[in-house]
Amino acid sequence: MAAMLAVTFIITAIFWQISLQWGRQAGFPVNALDIWKAVGMYNLPNLLVIVCVYGAVSLAFKSPLPAVPALILYAVYSNMGSWNEEGVYGYYGRPLAIMVRFPGSFLEIAPPPMAAVNQAALLLFSVILTGVCILLWKRRKVW
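I will try to describe carefully the structure that is included in this document. Since the model is a prediction, treat every value here as computed from it, not as a measurement. (Residues numbered from 1 in each chain as written. Predicted model: local features only at pLDDT ≥ 70, side-chain atom pairs only at ≥ 80, totals over all residues. Heavy atoms only, no water.)

## Brief notes about the pattern of salt bridges
What the rule picks out here adds up to one salt bridge. Measuring nitrogen to oxygen at the nearest pair gives 3.8 Å for the salt bridge that ties D34 to K37. Of this pair, D34 and K37 both sit in helix α2 (residues 34-61), three residues apart, which is roughly one turn of the helix. Under the relative-accessibility criterion, D34 is labelled partly exposed at 39%. (Salt bridge = Lys/Arg side-chain N within 4 Å of Asp/Glu carboxyl O. Helix = DSSP H or I, 4+ residues; strand = E, 2+ residues; numbered from the N terminus. Buried < 20%, exposed > 50% of the residue type's maximum accessible area, 1.4 Å probe, protein only.)

What follows is the structure, given as structure tokens:
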């Protein structure tokens, strides 16, 4: 998790600087904290769940190799679209999805309706998975 946090921080800092410099030059309203709030709300819970799923699958199978296909399937599930009640295909959000799609046009975006609830559910899911990892680790540990 620390390695992914470091990379996330570096990439966010680079884009933060670019948005401040070029956004103001282009005349866009730029709030310096918006990108950091978005990373905290949408990226950090997702990274935490990815680490927890990887740990739980690795501990369950006693090998890290099965965790890779499991995470690929989880990413595919999170990125799949669906049909709504009117028969329109789109990306409406899925429960416990690790990817959040923002509907709307460029510069006219709003978070999907279930994004905040989903991110809170991801945090709860990561706590549960951490508990599972602790139990698996204790069962395998030899005193």
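That was the structure; now back to the text.
## Re empty space enclosed by the protein
Overall, the coordinates contain one cavity of 30 Å³ or more when judged by the stated rule. Computed from the structure, the largest cavity encloses a volume of approximately 150 Å³. Along its surface, the largest cavity is lined by 15 residues, and G93, R94, M99, V100 and R101 are the ones closest to its centre. Of all elements in the fold, only α3 (67-79) and α4 (115-140) reach the threshold of two or more residues within the lining of the largest cavity. Considered class by class, the residues forming the lining of the largest cavity number nine nonpolar, four polar and two charged. (1 Å grid on protein atoms, 1.4 Å probe; cavity = no way out; pocket = protein on both sides within 12 Å on 5 of 7 lines; lining within 4 Å. Points joined across faces, edges and corners; volume = space filled by probe spheres on them. Nonpolar A, V, L, I, M, F, W, Y, C, P; charged D, E, K, R; others polar.)

## Things to note about the environment of I50
Within the secondary structure layout, I50 lies in helix α2. In this structure, the C-alpha to C-alpha distance between I50 and I98, residues 48 residues apart in sequence, is 7.9 Å. Setting aside residues up to four positions removed in sequence, I50 forms contacts with L71 and I98. (Contact = heavy atoms within 4.5 Å.)

## Some points on the packing of α2 against α4
α4 packs onto α2 with a crossing angle of 25° between their chain directions and a minimal axis gap of 8 Å. Considering their axes alone, α2 and α4 lie roughly parallel with respect to each other. Here α2 and α4 pass one another in a crossing that is left-handed. Among the residues forming the contact of α2 with α4, the class breakdown is 19 nonpolar, five polar and one charged. (Axes fitted to C-alpha atoms, helices over the stretch in contact; angles between N-to-C directions. Parallel < 35°, antiparallel > 145°, perpendicular 65-115°, else oblique. Left-handed = near helix turned anticlockwise from the far one by under 90°.)

## Let's talk about the nonpolar core
Counting 14 residues, the largest nonpolar core has V49, V53, Y74 and L129 as the members making the most contacts within it. Of all the secondary-structure elements, those providing two or more residues to this core are α2, α3 and α4. Apart from the residues within four sequence positions on either side, V53 is in contact with L71, Y74, F125 and L129. (Core = buried A, V, L, I, M, F, W, Y, C linked by side-chain atoms within 4.5 Å.)

## Topic: α3
Under the 1.5 Å per step criterion, the end-to-end length of α3 is 18 Å for 13 residues, consistent within 8% with the ideal 18 Å. Burial in α3 covers these residues: A67, L71, Y74 and S78. Buried residues of α3, viewed axially, fall in a sector of 55°; they line one side. Counted as exposed and oriented over 90 degrees from the buried face of α3: I72 and L73. (Expected span 1.5 Å × (residues − 1). Arc of directions from axis to C-beta.)

## Overview of the packing of aromatic side chains
Following the criterion strictly, the structure yields four aromatic pairs and no others. When the ring of Y74 is compared with that of Y77, the centres are 6.5 Å apart and the planes differ by 15°; the resulting orientation is stacked. Separated by three residues within a single helix, Y74 and Y77 lie in helix α3, roughly one turn from each other. Taking the relative accessible area as the measure of exposure, Y77 reaches 26% and is therefore partly exposed. (Phe/Tyr/Trp six-rings, centres within 6.5 Å; stacked < 30°, edge-to-face > 60°.)

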